[in-house]
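Chain and residue survey
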Amino acid sequence: MHQHRKVWGRKVARPLKINQKRLLDEELPKLQLFADFGKKLDLTQLMPGFESYILEIGFGGGEHLAWRAQQSSSQGFIGCEPFITGVAGLLGYIEDYELDNVRIVIDDARVLLQSLPDASLDRIFILFPDPWHKKRHHKRRIVSDETIGELSRVLKKGGELMMATDIQDYADWMVDVLSRRSEFTAMLDGRQSVYERPHPWLVTRYEQKGIDAGRKPSYLLYRKND
Ligand SMILES: C[S@@+](CC[C@H](N)C(=O)[O-])C[C@H]1O[C@@H](n2cnc3c(N)ncnc32)[C@H](O)[C@@H]1O
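Now for a look at the structure at hand. (Residues numbered from 1 in each chain as written. Predicted model: local features only at pLDDT ≥ 70, side-chain atom pairs only at ≥ 80, totals over all residues. Heavy atoms only, no water.)

**With respect to the site of the ligand**
The line we're drawing: Residues are classed as near a molecule or strand on a simple rule: at least one heavy atom within 4 Å of it. Polar contact criterion, stated in full: a pair of N or O atoms within 3.5 Å, where within protein one must be able to donate a hydrogen and the other to accept it, and residues adjacent in sequence count only if both atoms are side-chain atoms. Here the accessible surface of atoms and residues is derived via Shrake-Rupley with a 1.4 Å probe, and residues count as covered only by protein chains that are part of the display. Ten residues, namely Ala, Val, Leu, Ile, Met, Phe, Trp, Tyr, Cys and Pro, are considered nonpolar, four, namely Asp, Glu, Lys and Arg, are considered charged, and the remaining ones, Gly among them, are considered polar.
Lining the immediate surroundings of the ligand are 17 residues, of which Gly58, Glu81, Ala109, Leu127 and Thr204 lie closest. Glycine 58 has a polar backbone atom sitting 2.8 Å from a nitrogen atom of the ligand. The separation between an oxygen atom of the ligand and a polar side-chain atom of threonine 204 is 2.8 Å. Within the complex, 89% of the 590 Å² of free accessible area of the ligand lies under protein. Considered class by class, the residues forming the shell around the ligand number eight nonpolar, three polar and six charged.

**Quick word on the sheet that holds strand 4 (residues 121–127)**
Put simply, the rule reads: At least two bridges found by DSSP between two strands is the condition for calling them paired. Secondary structure elements follow DSSP: runs of H or I of four or more residues count as helices, runs of E of two or more count as strands, with numbering from the N terminus. Axis definition: a line fit to C-alpha positions, over the contact stretch in the case of helices; interaxial angles, taken between N-to-C directions, run 0 to 180 degrees.
As summarised here, the arrangement of the seven strands in space is 3-2-1-4-5-7-6, forming an open sheet in which the pairing is mixed. Because the sheet does not close on itself, it has two edges, and the strands there are strand 3 (102–105) and strand 6 (184–186). With direction set aside, neighbouring strand axes in the sheet form an average angle of 20°. In this sheet, strand 7 (residues 218–224) lies alongside strand 6 in antiparallel orientation, the contact comprising three bridges. Across the sheet, the residue bridging to threonine 185 is arginine 223, located in strand 7.

**Things to note about the environment of leucine 91**
So the rule is basically this: The buried label applies to any residue whose accessible area, calculated with a 1.4 Å probe on protein chains only, is under 20% of its type's maximum; exposed applies above 50%, and partly exposed to all values in between. The contact definition used throughout considers only heavy atoms, calling two residues in contact when any of these lie within 4.5 Å.
If you trace the backbone, leucine 91 turns up in helix 4 (residues 84–97). Taking the relative accessible area as the measure of exposure, leucine 91 reaches 1% and is therefore buried. For the pair leucine 91 and arginine 180, spaced 89 residues apart in the sequence, the C-alpha separation amounts to 37 Å. Look past the residues within four positions of leucine 91 in its chain and what remains in contact with it is Leu23, Leu24, Glu27, Leu28, Leu31 and Ile104.

Written as structure tokens, this is what we have:
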């Protein structure tokens, strides 16, 4: 039994198309992992044979995750996204690219993080997370003093936390959160946050929309110390 939990934001935007429904009915059950409070997910058992495990939190349409997974077949990728239309998008890429190294968790990343064992991931991507502009909503931000302990716990020593945002206030906030943690080192030439896009990179539709609207993305890469 998987209990229903409140996830902020939208879950379904518009009615699903026939192909999206097919992907969710037929392909999702083969790839879905379930997170639950109090029970740890052993990735090496659930998706055995990979040399390392990568998590993307809030993968949106799934194009970045699918692109990374296509490039690194020896790595296992876990995508976490509560928005069902995005999940259908990722399933479409998985089918088109014939990927067998991706699993999907449809849930709030906070629940997934609590369900992952210590030092189980080599890399975490959090790209353009919802900014929650209003001050009273800042506690909903997925990068926060509340979540950074869990993000750190599930990362291996030497593991990386890659973040991006096109909201300057959130970039500054991320730097503040990370600066308070002695176990992380800023990697991009020691700079906490940069405007130059790291390489290699895939610009998602969401990132491109922001650029077209005049927003300037910041990129942040931290390594967990040995
Ligand atoms: C602004 S979009 C960015 C999507 C994608 N990362 C990109 O760059 O194209 C933020 C995404 O995070 C997801 N999200 C929001 N809250 C979340 C949470 N608590 N856990 C996991 N994903 C979440 C949203 O559903 C949305 O798809």
